Amino acid sequence: MTMRFDGRVAIVTGAGGGLGREHALGLAKRGAKVVVNDLGGARDGSGGSATAAEAVVAEIVASGGEAMANAASVTDFVAVEAMVAAAMEKWGRVDILVNNAGVLRDKTFAKMGLDDFRFVMDVHLMGAVHCTKAVWDIMRDANYGRIVMTTSSSGLYGNFGQSNYGAAKMALVGLMQTLSIEGAKNDIRVNCLAPTAHTRMTEDLGARLPLELLGPDTVTPGLLHLVSEEAPSRCILTAGAGGFERAYVTLTQGIRAVGDDAPEQVAARFAEISDRTGEIVPEMGAAQGIIELTKAQQALA
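Every chain is numbered independently, its residues counted from 1 as its sequence is written. Given that the model is predicted, a residue must reach a pLDDT of at least 70 before its local features are reported, and side-chain atom pairs must reach 80 or more before they are shown or counted; all residues, however, enter totals for whole chains, interfaces and linings. The basis for the side-chain values is all heavy atoms of the structure; hydrogens and waters are excluded.

Colleague: Which parts of the structure should I look at to understand the packing of helix 3 (residues 77-91) against helix 4 (residues 114-142)?
Modeller: A pair of packed helices is captured by two measures, namely the crossing angle of their axes and the spacing between those axes. Between N-to-C directions, angles cover 0 to 180 degrees, with each direction set by a line fitted to C-alpha atoms, over the stretch in contact for helices. Helix and strand definitions here come from DSSP, where helices need a minimum of 4 consecutive H or I residues and strands a minimum of 2 consecutive E residues; each element is numbered from the N-terminal end. Taken N-terminus to C-terminus, the directions of helix 3 and helix 4 make an angle of 40 degrees; their axes are 9 Å apart at the nearest point. Considered as vectors, helix 3 and helix 4 are oriented oblique to each other. Relative to helix 4, helix 3 is oriented so that their crossing is right-handed. Contacts from Phe77, Val80, Glu81, Met83, Val84 and Met88 in helix 3 reach His130, Cys131, Lys133, Ala134, Val135 and Ile138 in helix 4. The residue makeup of the contact of helix 3 with helix 4, split by class, is nine nonpolar, one polar and two charged. Angles are sorted into four bins: roughly parallel if under 35 degrees, roughly antiparallel if over 145, roughly perpendicular if 65 to 115, and oblique for all others. By definition, any crossing whose near helix is turned counterclockwise from its far helix by less than a right angle is left-handed, and any crossing with a clockwise turn is right-handed. Note on definitions: a residue-residue contact is assigned when non-hydrogen atoms from the two residues lie within 4.5 Å. For this scheme, ten residues count as nonpolar: Ala, Val, Leu, Ile, Met, Phe, Trp, Tyr, Cys and Pro. Four count as charged, namely Asp, Glu, Lys and Arg, and the remainder, Gly too, count as polar.

Here it is, written out as structure tokens:
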């Protein structure tokens, strides 16, 4: 069955180019009405113009779709609320939110100023919080919502010179984990997308990547599934060059160590603690405590 979004309204942030543009075009092509949000700033977040968003809207309209441009900064909650209000006034609903807006201010941690760390956290993490907060009650009232956070392998696994970006991107995973639990009763499904694509965000890596294989269009099919009627929830989907994989936060079975020599036991048995045999993907954070208390109860039995 062909995936369609007829009657759905989507907000895509950072949609003036790159991944966001492809996401907006992909949703519109399959019937969604799209708010194309883009501050229009430089890669480091400086400057701003609505031109980029308006160009994407023009593409959508020229293809017979419906869209509206918005130049709000996701760091400005008042402006984000106004963006959502405009969508509600025009179309009466918001079904899908794609938190895609982002910036880079790469430096080694030793050379990075706190302002650069804080700004990247504000755009990626608080930007997603602002947008999600602005649509959350709308989705709860409708008993329907699809939200995607854009995470990154830099957050999941680390990347040299990206402590700010990596911290923000992993924080979005934690946000997704909890919101997916809280939203479940209202059919609000929350997922993460970790893309590998050549956009202006990765232009410095040009010579090291087969750019012809890494078009943003190879990622968008995964995004469309994550915001569809049949979407999963609590998924970290990785995507690039037409490849799709899932990442998991897992928990090993570990050991129990108590007594005065517990530190030495932990050191001596660290390989056992690290053994992935029988590891699990917890349904929620309480799983850790359950495993630990089970060990304690078994030891006392």
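Colleague: I tried to follow the nonpolar core on my own but got confused; where do I start?
Modeller: Across soluble globular proteins, you tend to see nonpolar side chains buried next to one another. Remark: nonpolar core denotes a set of buried residues (Ala, Val, Leu, Ile, Met, Phe, Trp, Tyr, Cys) joined through side-chain atoms within 4.5 Å. Buried, partly exposed and exposed residues are distinguished by accessible area as a fraction of the type maximum, computed with a 1.4 Å probe on protein chains only: under 20%, between the cut-offs, and over 50%, respectively. Grouped together as the largest cluster of nonpolar side chains are 38 residues, with contacts concentrated most on Ile11, Ile147, Met149 and Val190. Looking at this core, the elements with two or more residues in it are strand 1 (9-12), helix 3, helix 4, strand 5 (145-150), helix 6 (163-183) and strand 6 (188-196). In terms of residue count, helix 4 provides more of this core than any other element does, nine residues in total. With near-sequence residues (within four places) excluded, valine 190 lies in contact with Trp136, Ile147, Met149, Met176, Leu179, Ser180, Ser233, Arg234 and Cys235. Membership of the second largest hydrophobic core comes to 30 residues, among which are Leu27, Val57, Leu223 and Leu224.

Colleague: Any chance you could explain the layout of surface pockets here in plain terms?
Modeller: Rolled over the atoms, a probe as big as a water molecule pinpoints where empty space is left. The definitions used throughout rest on a 1 Å grid laid over the protein atoms alone, on which a cavity is an enclosed set of points accommodating a 1.4 Å probe that cannot get out and a pocket is an open set flanked by protein within 12 Å on both sides along at least five of seven lines; lining residues are those having an atom within 4 Å of a point. Grid points are joined across faces, edges and corners, and a volume is the space filled by probe spheres set on the points. Put simply, the second largest pocket is a space of about 300 Å³. Around the second largest pocket, the lining comprises 16 residues; the ones closest to its centre are Gln177, Arg234, Val249, Val281 and Pro282. Elements supplying a minimum of two residues to the lining of the second largest pocket: helix 6 and strand 8 (243-247). Ranked by residue count, the leading element in the lining of the second largest pocket is helix 6, at three residues. Of the residues that constitute the lining of the second largest pocket, the class distribution is eight nonpolar, five polar and three charged.

Colleague: How should I be thinking about the sheet that holds strand 1 in this particular structure?
Modeller: Backbone-to-backbone hydrogen bonds pair the strands of a sheet. The strands run either parallel or antiparallel. Pairing within the open sheet is mixed, and its eight strands lie in the order 3-2-1-4-5-6-7-8. Two strands lie at the open edges of the sheet, namely strand 3 (67-70) and strand 8, each paired on one side alone. Within the sheet, the average angular offset between the axes of one strand and its neighbour, ignoring direction, is 20 degrees. Pairing between two strands requires that DSSP report at least two bridges joining them. With five bridges joining them, strand 6 and strand 7 (residues 236-240) adopt parallel strand pairing. Across the sheet, the residue bridging to threonine 196 is glycine 240, located in strand 7.

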